[in-house]
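Spelled out from the first residue to the last, the chains are:
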Amino acid sequence: PLVAVVLAGGVGSRLYPASRRHRPKQLLALGGEGTLLERTVARADFADEVVVSTRPAFADAVREAVPEASVLVEPAGKDTGPALAYATHRIAERFDDPVVLALPSDHHVEGEFEPTAQRGARVAARTGSLVTFGVDPDRPDTGYGYVEPGPDRGAYAEVAAFHEKPDAETARRYVEAGYYWNAGIFAWTPAAFREAAGAADAPLSPLIDALDRGDPEAGFAAVDPVSVDYAVFERATDVAVVPLDIAWDDLGSWDALRRILPADGDGTVVAGDASVRAVDATNNVVAGDDVHVSLVGVDDLAVVAYDDRILVVPTAAAQRVRELVAELDAEG
Ligand code: GDD
Ligand code: MG
């Protein structure tokens with residue numbers, strides 16, 4: 001059977017102050033109907049079972065957002081590496097010969113996802129490779145992982161190397177060289193995941209040993225936060241990439257809204273139920289909840305107002321909101 005794991009345990013800090021610790025990105029209704037999480041669960045409905053994976057802090061909010069889904073709560077939020085090791089372990093216990101299809105819940109996707117997903121799942125079952133889905137890049141985005149393709153095998157290409165979140169100069173080189181973006185969507189059999197993730201020197205190996213002993217709590221206590229990209233894909237030797245040929249966007253930062261929402265004559269893009277008056281102001285992104293924003297003589301800014309918080313950032317620096325949130329978090 002095909003078991004979809006929808007990952008819903010991240011915060012999405014670059015979308016502050018819309019995303020906050022009590023209201024993570026996947027629970028926002030950005031750029032469409034319903035929350036990103038609801039839309040992801042609906043997109044996975046062709047799977048034999050859909051499991052939503054989240055951390056304890058978001059468990060109640062996730063259950064409320066998708067009451068029909070089965071929710072798997074990991075003992076502690078330690079990023080996607082531990083979350084997927086845990087989900088894969090539980091699925092291997094419950095199903096015969098499952099293929100795991102891992103889906104982030106913070107994406108905006110348009111078009112038919114099922115055919116490509118099924119193709120990836122078949123490649124995972126047939127080859128025993130870890131499968132990632134690749135998107136053709138149209139800019140040197142530093143918020144994505146890059147997949148360096150190797151020999152073409154028809155339905156997929158072998159992966160020569162996987163490079164998580166490069167700097168801008170390196171990203172430019174990767175785009176020129178024809179690498180894919182990692183869509184963050186994966187397929188694997190439990191055996192393939194285990195072989196790649198459980199090697200003695202791999203970051204997830206203490207967790208995998210503890211899961212084998214039936215002690216997930218101890219395993220999560222023993223493991224450092226690490227994403228599946230670093231913990232598994234950058235290290236794995238047997239990885240395949242299946243091209244994802246639908247419109248896809250991580251909606252990672254405020255400038256991303258410009259790519260999916262229509263702009264008015266001044267290039268202003270409005271999200272949420274904010275309204276805007278712009279005088280001699282162009283190419284700004286405005287987002288907020290029930291707020292009126294006035295812009296005079298400013299260009300290329302994101303102006304965001306949620307709750308009692310306001311953020312102003314040049315759209316070109318929108319990735320740096322991550323630094324701000326890290327500082328706010330450190331202050332508590
Ligand atoms: N269950 C669980 N637990 N889910 C988590 C956790 C956790 O601790 N941390 C993050 N997630 C969820 C997020 O909610 C999101 O749906 C998904 O896992 C991916 O995490 P992100 O934090 O959004 O990752 P990213 O966007 O920075 O990078 C990943 O996705 C990119 C594409 O969007 C990487 O896979 C990149 O290589 C990739 O290009
Ligand atoms: Mg993301």
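Refer to the structure presented above.
Described in the following lines is the structure provided in the data block. All of these numbers come straight from a predicted model, not from anything done at the bench.

**Some words on the nonpolar core**
- Counting 43 residues, the largest nonpolar core has L37, V52, L101, F133, I185, L244 and W248 as its most contacted members.
- If we ignore the near neighbours within four places in the chain, the residues touching I185 are L101, A102, L103, P104, F113, V131, T132, F133, L244 and W248.
- Core analysis: the second largest hydrophobic core is formed by 40 residues, A102, Y180, L211 and F220 among them.

**As for the site of ligand 1**
- Inspection of the region around ligand 1 gives 28 residues, with E74, E164, K165, N182 and D229 positioned closest.
- Here an oxygen atom of ligand 1 sits 2.9 Å away from a polar atom, N or O, in the main chain of L7.
- N182 places a polar main-chain atom, nitrogen or oxygen, 2.6 Å from an oxygen atom of ligand 1.
- Coverage of ligand 1 by the protein amounts to 91% of the 740 Å² it exposes when considered alone.
- For the shell around ligand 1, the secondary-structure elements that each account for two or more residues are β2 (49-54), α3 (80-94) and β9 (180-188).
- Of all the elements, β9 adds the most residues to the shell around ligand 1, at three residues.
- Partitioned by chemical class, the residues of the shell around ligand 1 number seven nonpolar, twelve polar and nine charged.

**Remarks on the sheet that holds strand β17 (residues 309-314)**
- Strand order in this open sheet of four strands is β12-β14-β16-β17, and the pairing throughout is mixed. Two strands lie at the open edges of the sheet, namely β12 (269-272) and β17, each paired on one side alone. Within the sheet, the average angular offset between the axes of one strand and its neighbour, ignoring direction, is 10°.
- Examined bridge by bridge, strand β14 (residues 285-288) and strand β16 (residues 301-306) share four bridges and lie parallel to one another.

Conventions we followed
Residues numbered from 1 in each chain as written. Chains lettered and ligands numbered in written order. Predicted model: local features only at pLDDT ≥ 70, side-chain atom pairs only at ≥ 80, totals over all residues. Heavy atoms only, no water. Core = buried A, V, L, I, M, F, W, Y, C linked by side-chain atoms within 4.5 Å. Buried < 20%, exposed > 50% of the residue type's maximum accessible area, 1.4 Å probe, protein only. Contact = heavy atoms within 4.5 Å. Near = heavy atom within 4 Å. Polar contact = N/O pair within 3.5 Å; in protein donor to acceptor, adjacent residues only side chain to side chain. Areas by Shrake-Rupley, 256 points an atom, 1.4 Å probe, with all protein chains shown as cover. Helix = DSSP H or I, 4+ residues; strand = E, 2+ residues; numbered from the N terminus. Nonpolar A, V, L, I, M, F, W, Y, C, P; charged D, E, K, R; others polar. Pairing = 2+ DSSP bridges. Axes fitted to C-alpha atoms, helices over the stretch in contact; angles between N-to-C directions.

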